[in-house]
Amino acid sequence: MTTMGTSPASSRPVRDGATGQSRLLHVPPDEVIAPLHMDLPVALSTYDDAIAFPLTTRPGKPRIFGAVYERDGRLVPDSERPKRNRSWRPNPSRLRGTGSSSPVRVPGRTFYAGHFRPGFGHVLVETLPRFWPDLDYDTFDQFALYPTRAGQTRTAPNLPRYAVDLLHALGVRPDRSLLVSTQALQFEELVVATPAFWLRRGSNPVCAEPFRRIGDALDDRPDHDRLPTDSRRIYLSRARLRPPQRRALNEAGIEDLMRLAGFAVIHPQEHPVQTQIRMIRRADAIAGCDGSALHLGAFARPGTTLLAIDSRTVLNQLIIDELSGLDAVHVYAVDHAIVGRTGEWEADLDRVREAMAAAGLD
């Protein structure tokens, strides 16, 4: 059972039958939306002559629309971004016609890879989970992606190096990617997988599959660089990140506590993603302040201990903890959540020590 609470002695269930366990220390009850659904349905479907419409915004309304429709005008729900907020809203369930211009025909077989947003965390929770089906991806002629912002003019995504490496590990050819950006595209054959990770809502157990396959593929490579540490305890430091990236002002003090507990302090951005994943796969314990680097827990072995030192509650991290089967402890290391996602903050080191003890890491 996964438990959540505001102190080691006070916990409440998020759901029954969980593979992972999350304990939350000093977290205000209204900071967590429960339950997190870990058994949301998924499907794999194929459509002939489906049309993907570019993202658009409605005049006077901060809403983003854009999705795939069957040739008879019915919405393909699994093509929508699995996110709901004031900007992202559901698309109309049915359309009439294709607008003022005819869609561009895309021949061959295309896999719908969902939405792409540059940023390590977004690639991990939005792009990779689309590849949960264990398919021979080399048989696809294209991989269709949506941007997450309207008005894009590129016809191919600008994939950072780590995204290219991760996709290659899945057997995906990044050079075959195309972006639904400037005009409607009609696909001869489009294969659509349900997004197995719903942002801030939950996931399906199959979401763990692409992370496992990537890790296995990287472990099987013969040309590995030597790992920067042999330690089985890894602390993912944010101390060398530059503004506007968020960091704790006293991260050096946190690092000192971690070193005393046998952790190797690693600055993940200084290592190739393959090296980061191999370290995480070998770790018995992972720790870090909240941020996208901690999402690397998706690659960890089930049962790995994860200690999250939080300046805010990150629901997506709780989902990762669960789907990966981690033994996680989250400590709210501030009295009040930081405003925005780029602010500097200072961790309460007494709370960090308390969380280390609760996780068995002292």
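Residues numbered from 1 in each chain as written. Predicted model: local features only at pLDDT ≥ 70, side-chain atom pairs only at ≥ 80, totals over all residues. Heavy atoms only, no water.

K.L.:
Explanation requested: the pairing of strand E14 (residues 233–236) in the structure shown.
P.N.:
Side-chain direction in a regular strand flips from residue to residue, so the side chains alternate between the two faces of the sheet. As paired elements, E14 and strand E16 (residues 285–289) share four bridges and run parallel to each other. Of the residues in E16, the one forming a bridge with Ile 234 is Ile 286. In terms of strand pairing, E14 meets strand E15 (residues 264–266) through three bridges, oriented parallel. By the bridge assignment for E15, Tyr 235 is matched with Val 265. Taken together, E14, helix H4 (residues 251–260) and E15 constitute a β-α-β crossover, and its handedness is right-handed. (Pairing = 2+ DSSP bridges. Helix = DSSP H or I, 4+ residues; strand = E, 2+ residues; numbered from the N terminus. Right-handed = clockwise from strand over helix to strand, strands pointing away.)

K.L.:
Which parts of the structure should I look at to understand the sheet that holds E14?
P.N.:
In a beta sheet, neighbouring strands pair by backbone hydrogen bonds and run either parallel or antiparallel. Ordered in space as E3-E18-E17-E16-E14-E15, the six strands form an open sheet in which the pairing is parallel. Two strands close off the open sheet at either side, each with one partner strand: strand E3 (21–25) and E15. Neighbour-to-neighbour, the strand axes of the sheet open up by a mean angle of 20°, direction not taken into account. Strands E3, strand E17 (305–310) and strand E18 (327–332) of the sheet are contacted by helix H7 (residues 349–358), whose axis makes an angle of about 165° with E18. (Axes fitted to C-alpha atoms, helices over the stretch in contact; angles between N-to-C directions. Contact = heavy atoms within 4.5 Å.)

K.L.:
Would you mind going over the packing of aromatic side chains with me for this structure?
P.N.:
The relative placement of two aromatic rings is captured by the distance of their centres and the angle of their planes. Applying the stated criterion across every chain yields a total of 12 aromatic pairs. Taken together, a centroid distance of 5.9 Å and an interplanar angle of 75° make the contact between Phe 53 and Tyr 69 edge-to-face. A residue pair is termed long-range when its members are at least 10 positions apart, and Phe 53 in the loop between strand E4 (44–52) and strand E5 (56–57) and Tyr 69 in strand E7 (residues 68–69) qualify at 16 residues. Here the two residues Phe 53 and Tyr 69 agree in accessibility, since each one is buried. Relative to Phe 143, the ring of Phe 131 lies with its centre 6.3 Å away and its plane at 50°, an arrangement referred to as tilted. Note that Phe 131 is positioned in the loop between helix H1 (120–127) and strand E9 (142–147) and Phe 143 in strand E9, a separation of 12 residues in sequence. Among the aromatic side chains, those forming a connected cluster through ring pairs are Phe 111, Phe 131, Tyr 137, Phe 140 and Phe 143. The residue whose ring lies beneath Arg 109 is Phe 140, and the NZ or CZ to ring-centre distance is 4.1 Å. (Phe/Tyr/Trp six-rings, centres within 6.5 Å; stacked < 30°, edge-to-face > 60°. Buried < 20%, exposed > 50% of the residue type's maximum accessible area, 1.4 Å probe, protein only. Lys NZ or Arg CZ within 6 Å of the ring centre and 35° of its normal.)

K.L.:
Could you clarify how one ought to interpret the pattern of salt bridges in this entry?
P.N.:
Considering all chains together, one arrives at 25 salt bridges under this definition. For Arg 74, the salt bridge identified is with Asp 72, shortest N-O distance 2.9 Å. On the accessibility criterion, Arg 74 (38% relative accessible area) is partly exposed. Where Asp 284 meets Arg 301, a salt bridge forms, and the shortest distance between an N and an O atom there is 3.0 Å. Of this pair, Asp 284 sits in the loop between helix H5 (273–282) and E16 while Arg 301 sits in the loop between E16 and E17, and the two are 17 residues apart along the sequence. Judged by its relative accessible area of 44%, Asp 284 is partly exposed. Residues joined in a network through salt bridges with shared partners are Glu 209, Arg 212, Asp 216, Asp 219, Arg 281 and Arg 282. (Salt bridge = Lys/Arg side-chain N within 4 Å of Asp/Glu carboxyl O.)

K.L.:
Can you walk me through the side chain of Thr 305 in this structure?
P.N.:
Looking at the secondary structure, you find Thr 305 in strand E17. The contact partners of Thr 305, leaving out residues within four places of it in the chain, are Asp 284, Ala 285, Ile 286, Asp 327, Ala 359 and Leu 361.

K.L.:
Is there a simple way to explain the nonpolar core in this structure?
P.N.:
Where a protein is soluble and globular, its nonpolar side chains tend to be buried together. Judged by nonpolar contacts, the single largest core of 90 residues is most densely connected at Leu 128, Met 258, Phe 299 and Ile 309. Not counting residues within four places of it along the chain, the set of residues in contact with Phe 299 comprises Leu 124, Leu 128, Leu 166, Phe 211, Ile 214, Ile 277, Ile 280 and Arg 281. The next biggest cluster of nonpolar side chains, apart from the first, holds 18 residues, and it includes Ala 50, Ile 64, Val 76 and Leu 178. (Core = buried A, V, L, I, M, F, W, Y, C linked by side-chain atoms within 4.5 Å.)

K.L.:
Could you clarify how one ought to interpret the sheet that holds strand E8 (residues 104–116) in this entry?
P.N.:
Reading across from one edge, E7-E4-E11-E8-E9-E10 is the order of the six strands in this open sheet, with mixed pairing throughout. With partners counted over all chains shown, the strands left at the sheet margins are E7 and strand E10 (177–179), one partner each. Examined bridge by bridge, E8 and strand E11 (residues 185–193) share seven bridges and lie parallel to one another. Its bridge partner being in E11, Thr 110 is matched across the sheet by Leu 190.

K.L.:
How should the side chain of Thr 304 be read in this particular structure?
P.N.:
Note that Thr 304 resides in the loop between E16 and E17. Classification of Thr 304 by relative accessible area gives buried; the value is 2%. At a separation of 2.6 Å, a polar atom in the side chain of Thr 304 contacts the main-chain carbonyl oxygen of Arg 301. Residues in contact with Thr 304, not counting those within four places in the same chain, are Ala 283, Asp 284, Ala 285, Ile 286, Gly 325, Leu 326 and Asp 327. (Polar contact = N/O pair within 3.5 Å; in protein donor to acceptor, adjacent residues only side chain to side chain.)

K.L.:
Explanation requested: helix H2 (residues 161–169) in the structure shown.
P.N.:
Side chains that are three or four residues apart share a direction in an α-helix, a result of its 3.6 residues per turn. Of all the positions in H2, only Ala 163, Val 164, Asp 165, Leu 166, Leu 167 and Ala 169 are classed as buried. Looking at the buried positions of H2, the neighbouring elements they touch are H1, helix H3 (208–219) and H5. Among the residues trailing H2, Gly 171 stands out with phi positive, at a value near 85°.

These results come straight from atomic positions and should not be treated as a statement about function.
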